[in-house]
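# Close look at the chain arrangement
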Amino acid sequence: MTSVLQAHALGRRYGRRWALRECTIDIPAGHVVGLVGPNGAGKTTLLKLAGGQLRPTTGGITVLGGRPGDTPAQLAKVGFVAQDTPVYAGLTVAEHLRLGSRLNPRWDAAMARERIARLGLVPAQRAGRLSGGQRAQLALTLGLAKRPELLILDEPVAALDPLARLEFLRGLTEAAAAQRLSVLLSSHLVSDLERVCDYVIVLAGSRVQLAGKVDRLLAAHHRLTGPRGDPGLFPAGHHVVSAGHSEGRSTYVVRADAPIHDPAWTVARPSLEDLVLAYMDKRAADDRRAVQEVRR
Ligand SMILES: Nc1ncnc2c1ncn2[C@@H]1O[C@H](COP(=O)(O)OP(=O)(O)OP(=O)(O)O)[C@@H](O)[C@H]1O
């Protein structure tokens, strides 16, 4: 298995505050990876560490086998579309493409031109006059035409309406498949991630709470509903990730590798959203950590 990103005990501190800590992950190449977590969880920090814009405080990170941002060859392998899809307001669409061709050794001019034409962007139009969706598409085109092996996007669809988001994500997944590209993107919109990602990382409280292939994670979790019950009654090997109670009923998201056959509960597969929300809950995350730390 080739890794696109490996981090070991990776941490980054600003002053006395940890933005990211004890991050150990190994992401295989060839996936569209969704990075999700609440505000301030450390998503941008992790993406910037992967892009080489930040250096770690502790631990280490390698991207495509090299140290992020270390050499021109390493920089050429990684595309980075920062938050708010930055483009130069005063430059035209065509000037962005010319700039891209000058700055990137592997620039695919034909693909960039074809993509711009297909999207209906006018080459002579200044980027400052484009709509938010068009700006995002221009930024994505610049990222793709660089022909990176890994494309990192920090909340690329946050400002877009649902239709523009769909078009953007469709373009991204088509390009990822056509170019055999690995993609790492952060988003708050789990429904979007559900549509495009086959690997997910949940960050909460500056720590990785969950990471893995979506299908495997979904297969290893169960959503149990039934009369209000005591999670202490679950058999060994069942790990309660989150619990919710209302009107005498309880809902648990439980991690268990074997199927659950218990007539006391209605058992269903959780959605990715159920799973993400269960692991994102910071209080639950803290409780899980407390339990783990007590057990150590
Ligand atoms: N340059 C900085 N100086 C000081 N603290 C910072 C800096 N950048 C980020 N932080 C802090 O690090 C933590 C993680 O920030 P980060 O931007 O990585 O979170 P995020 O998950 O991307 O959040 P959001 O979803 O709101 O964009 C936050 O507490 C933030 O305040």
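Residues numbered from 1 in each chain as written. Predicted model: local features only at pLDDT ≥ 70, side-chain atom pairs only at ≥ 80, totals over all residues.

The name given to the chain in an unreviewed UniProt entry is ABC transporter ATP-binding protein, and the organism recorded there is Sphaerisporangium dianthi.

### Let's talk about the site of the ligand
Near the ligand you find Y14, A19, G37, N39, G40, A41, G42, K43, T44 and T45, and these make up its full shell. Take the shell around the ligand: its biggest share by element is three residues, from helix 1 (residues 43–51). Grouping the amino acids of the shell around the ligand by side-chain chemistry returns three nonpolar, six polar and one charged. (Near = placed C-beta within 6 Å. Helix = DSSP H or I, 4+ residues; strand = E, 2+ residues; numbered from the N terminus. Nonpolar A, V, L, I, M, F, W, Y, C, P; charged D, E, K, R; others polar.)

### As for the nonpolar core
Among the nonpolar cores identified, the biggest contains 74 residues, and V33, A50, I152, L184, V202 and Y279 are the most heavily contacted of them. In terms of residue count, the dominant contributor to this core is helix 5 (residues 132–145) (seven residues). In terms of domain composition, this core takes at least three residues from each of domain 1 (3–215) and domain 2 (220–295). Setting aside chain neighbours within four positions, we find L184 in contact with V33, L35, L47, A50, L150 and I152. (Core = buried A, V, L, I, M, F, W, Y, C linked by C-beta atoms within 7 Å. Buried ≥ 20, exposed ≤ 12 C-beta atoms within 10 Å, placed from the backbone. Domains from an automatic or database assignment. Contact = placed C-beta atoms within 7 Å.)

### Digging into the packing of helix 4 (residues 109–119) against helix 5
At a minimum axis separation of 9 Å, helix 4 and helix 5 run at an interaxial angle of 160 degrees. Between helix 4 and helix 5, the interaxial angle falls into the category roughly antiparallel. For helix 4 against helix 5, the interelement crossing comes out right-handed. Facing helix 4, whose interface residues are M111, A112, R115, I116 and L119, helix 5 presents Q137, T141 and A145. For the contact of helix 4 with helix 5, the residue count by class is five nonpolar, two polar and one charged. (Axes fitted to C-alpha atoms, helices over the stretch in contact; angles between N-to-C directions. Parallel < 35°, antiparallel > 145°, perpendicular 65-115°, else oblique. Left-handed = near helix turned anticlockwise from the far one by under 90°.)

### Observations regarding the packing of helix 3 (residues 93–103) against helix 5
The geometry of helix 3 relative to helix 5 is characterised by a closest axis approach of 10 Å and an angle of 25 degrees between their N-to-C directions. Between helix 3 and helix 5, the angle falls in the class roughly parallel. Crossing geometry of helix 3 relative to helix 5 is assigned as right-handed. Each of V93, H96 and G100 in helix 3 lies in contact with helix 5, whose residues at this interface are L138, L142 and A145. Considering only residue class, the contact of helix 3 with helix 5 consists of four nonpolar, two polar and no charged.

### Observations concerning the sheet that holds strand 9 (residues 207–213)
Read from one edge of the open sheet, six strands run 5-6-7-3-8-9, paired in mixed fashion. Each end of this open sheet is capped by a strand with a single partner; those strands are strand 5 (78–81) and strand 9. The sheet shows a mean angle of 15 degrees between the axes of neighbouring strands, taken without regard to direction. Bridge count for strand 3 (residues 32–36) against strand 7 (residues 182–186) is four bridges, and the pairing is parallel. Residue V33 lies in a different strand from strand 7, and its bridge partner there is L184. Against the sheet, helix 5 engages strand 5 and strand 6 (150–154), with an angle of about 170 degrees to strand 5. (Pairing = 2+ DSSP bridges.)

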